[in-house]
Amino acid sequence: MLALGLVLNTLGIGLFCWAVFALAVYALPFFVGLSVAMLAFRNGAGVFGALLIGIASGALTLGAGQVAVAASRSLTLRVAIATAFALPAAIAGYHVVFALSQIGVPSLAWREAFACGGAVCIGGTAWTRLIVFAETRPLESGGLVENAPEPVLTAAAHER
């Protein structure tokens, strides 16, 4: 029975860690959606209305961030948007790893060290998952694109 408990605890913690990494990019949209839903509820939207407004604002935040990163030509803007998504994920990652480390780490210094490492890893995961939407573009100089793709049909093919 003890071995089964250890195996199931390990699988449960592993599943929880996988969920934290998989959901890291949604920390900012969740925060925005929750804040807007609470604001709407306080202003008389009701439970159902606040829920709909919160879900819509969270989805809009996620969609706008992904589209802005994908469509932006500026590397600085991409990094700024990805950082805005990564910071709440890093804060959430810090608290999750700190809470999980209380299970088996008695020293506060080691729990803080693990929590800081977890914040970096989970924030980096959120940053990477958002930056994936950015396509690489060829370098431009003076309005001309270097290494531009050749047209499929050349002038010689049109003359035949």
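Residues numbered from 1 in each chain as written. Predicted model: local features only at pLDDT ≥ 70, side-chain atom pairs only at ≥ 80, totals over all residues. Heavy atoms only, no water.

### Digging into the overall build of the protein
Regarding its fold elements, the protein presents six helices and two strands. Reading the helices (α) and strands (β) of the protein from amino to carboxyl end gives α-α-α-α-α-β-β-α. Residues classed as buried in the protein amount to 26% of the 160 residues present. Sequence-distant contacts in the protein: of pairs separated by 6 or more residues, those separated by 24 or more amount to 67%. Accessible area for the protein stands at about 11,100 Å²; split by element, carbon and sulfur atoms hold 74% of it. (Helix = DSSP H or I, 4+ residues; strand = E, 2+ residues; numbered from the N terminus. Buried < 20%, exposed > 50% of the residue type's maximum accessible area, 1.4 Å probe, protein only. Contact = heavy atoms within 4.5 Å. Areas by Shrake-Rupley, 256 points an atom, 1.4 Å probe, with all protein chains shown as cover.)

### With respect to the environment of Pro-29
Checked against the element boundaries, Pro-29 lands in helix α2 (residues 27-42). Residues Pro-29 and Pro-88, 59 residues apart in the sequence, show an inter-C-alpha distance of 9.6 Å. If sequence neighbours within four positions are ignored, Pro-29 has contacts with Gly-58, Thr-61, Leu-62 and Phe-85.

### Focus on the nonpolar core
One broad rule of soluble globular proteins: the nonpolar side chains tend to lie buried together. Val-25, Leu-28, Leu-62, Val-69, Ile-81, Ala-82, Phe-85, Leu-130 and Ala-134 together form the largest nonpolar core, which totals nine residues. Elements with a minimum of two residues in this core: α3 (46-71) and α4 (75-101). Per element, the largest residue contribution to this core is three residues, and it comes from α4. In contact with Ile-81, other than residues within four places in its own chain, are Gly-65, Ala-68, Val-69 and Leu-130. Ranked by size, the runner-up nonpolar core spans six residues in total, among them Val-20, Ala-27, Ile-122 and Ala-126. (Core = buried A, V, L, I, M, F, W, Y, C linked by side-chain atoms within 4.5 Å.)

### Notes on a nonpolar patch on the surface
Nonpolar side chains collect at one region of the surface, where Met-1, Leu-4, Val-7, Leu-8 and Leu-11 lie side by side and expose about 590 Å² of accessible area between them. Relative to the assigned elements, Val-7 resides in helix α1 (residues 2-22). (Patch = residues over 30% accessible without salt bridge, like charges linked within 9 Å, V, L, I, M, F, W, Y side chains within 5 Å. Salt bridge = Lys/Arg side-chain N within 4 Å of Asp/Glu carboxyl O.)

### Description of the environment of Ala-134
Here Ala-134 lies in the loop between α5 (108-131) and β1 (140-141). A relative accessible area of 17% places Ala-134 in the buried class. Ala-134 sits 64 residues away from Ala-70 along the chain, and the two C-alpha atoms are 4.2 Å apart.

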